[in-house]
Amino acid sequence: MKTILLAGFGAMGQSIFDQLKDDPRIGRWLVLERAERADDARRKLDGHGQVAQSVDGLETRPDFAVECAGHEVLGTLVPQLLEQGIDTIVASVGALALPGMIERLDAACQAGRSQLTLVPGALAGVDALAAARDSGLASVDYTGRKPPGSWRGTAAARLCDLDHLAQATVFFEGTAREAASAFPQNANVAAMVGLAGMGLDHTRVRLIADPAAGGNTHTISARGAFGRMEVMVEAAAFAANPKTSALAGMSIVRAVRNRLNAIVI
């Protein structure tokens with residue numbers, strides 16, 4: 001049976017645990033959480049494992065780790081795990097848009113002979129996009145469309161009047177790197193498209209606030225030697241955080257199960 005480390009036990013981390021806690025292939029859970037949230041995490045973990053504040057405080061070595069704690073962890077905890085040879089599944093893909101972050105994580109993987117896995121989150125078609133990359137891509141575009149409420153608390157509030165929109169409004173156009181930097185709470189998907197395809201600086205992104213939108217819509221359009229593709233997902237919002245699509249958590253659960261399954265899709 002496997003021992004799994006969850007880096008972060010907020011709404012996303014707890015959702016992952018709740019969906020997987022009864023899997024007989026998982027023997028123990030380890031959770032890293034801040035001191036002020038440790039008691040709450042222990043209560044929710046309900047005897048299934050240990051809660052600690054640092055890797056050094058863990059009572060045993062995990063078989064692999066899952067990051068769901070936010071972008072800042074990618075530059076601190078994740079390199080430490082990778083350098084220690086602990087394979088890590090990462091949810092906060094947008095942080096890879098920060099200068100030097102990809103190189104830092106790659107060096108940590110090389111040092112620890114470990115592997116970093118980026119989950120597609122709310123996106124579909126990432127596998128096809130990544131497969132087409134080596135044959136040559138002519139263009140890759142990502143469009144994110146969400147209700148105005150899903151953009152509150154982000155830079156979008158300074159770019160348009162979210163409370164009084166009468167129609168769909170494009171408030172950002174730029175590269176995937178720019179989108180991930182300007183909208184870290186919402187643009188993991190933009191970074192994922194950039195990393196899978198033409199790169200962060202050659203992937204075009206449009207972000208839209210739409211009062212008629214019923215959920216978060218993610219559209220990838222690409223052309224290249226493979227032909228043409230357009231993939232759209234209209235995802236329900238994650239109940240605990242409307243800025244995140246519910247499919248994002250499901251994507252992490254799938255990545256964990258792929259580590260456990262004998263046959264992987």
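Because the structure is predicted, anything quoted here is derived from the model rather than measured.

> For this particular structure, what's the right way to read the packing of helix 6 (residues 126–133) against helix 9 (residues 188–196)?
For any two helices packed against each other, the geometry is given by the interaxial angle and the distance between the axes. Close contact between helix 6 and helix 9 brings their axes to 8 Å; oriented N to C, the two are set at 30°. For the element pair helix 6 / helix 9, the angle class is roughly parallel. Contact residues: helix 6 offers Val126, Leu129, Ala130 and Arg133, while helix 9 offers Met192, Val193, Leu195 and Ala196. Here the residues of the contact of helix 6 with helix 9 sort into seven nonpolar, no polar and one charged.

> What is the right way to look at the pattern of salt bridges in this model?
Here the idea is simple: oppositely charged side chains can pair when their charged atoms come close. Within the structure shown, the criterion is met by twelve salt bridges. Across the pair Glu33 and Arg37 runs a salt bridge, and its minimum N-O distance is 3.9 Å. Its relative accessible area of 8% is what places Glu33 among the buried residues. A salt bridge links Arg42 to Asp39; the shortest N-O distance between them is 2.9 Å. Placement of the pair is Arg42 and Asp39 together in helix 2 (residues 35–45), with a separation of three residues, close to one helical turn. Residue classification places Arg42 among the partly exposed residues on the basis of a relative accessible area of 39%. By sharing partners, the salt bridges in this structure join Asp40, Arg43 and Lys44 into a single network.

> It is not clear to me how the sheet that holds strand 8 (residues 169–175) should be interpreted in this structure. Could you clarify?
Within a sheet, each strand pairs with its neighbour through backbone hydrogen bonds, oriented either parallel or antiparallel. Taken in spatial order, the five strands make up an open sheet running 8-9-7-10-11, and their pairing is mixed. Either end of the sheet is taken by a strand with one partner, and the two such strands are strand 8 and strand 11 (227–235). Going from strand to strand, the sheet's axes swing by 10° on average, the running direction of each strand aside. Pairing geometry for strand 10 (residues 216–224) and strand 11, over nine bridges, is antiparallel. The residue bridging Thr219 from the neighbouring strand is Met232, located in strand 11. Helix-sheet contacts for helix 9 involve strand 7 (137–146), strand 9 (204–209) and strand 10, and the interaxial angle to strand 7 is about 170°.

Conventions adopted
Residues numbered from 1 in each chain as written. Predicted model: local features only at pLDDT ≥ 70, side-chain atom pairs only at ≥ 80, totals over all residues. Heavy atoms only, no water. Axes fitted to C-alpha atoms, helices over the stretch in contact; angles between N-to-C directions. Helix = DSSP H or I, 4+ residues; strand = E, 2+ residues; numbered from the N terminus. Parallel < 35°, antiparallel > 145°, perpendicular 65-115°, else oblique. Contact = heavy atoms within 4.5 Å. Nonpolar A, V, L, I, M, F, W, Y, C, P; charged D, E, K, R; others polar. Salt bridge = Lys/Arg side-chain N within 4 Å of Asp/Glu carboxyl O. Buried < 20%, exposed > 50% of the residue type's maximum accessible area, 1.4 Å probe, protein only. Pairing = 2+ DSSP bridges.

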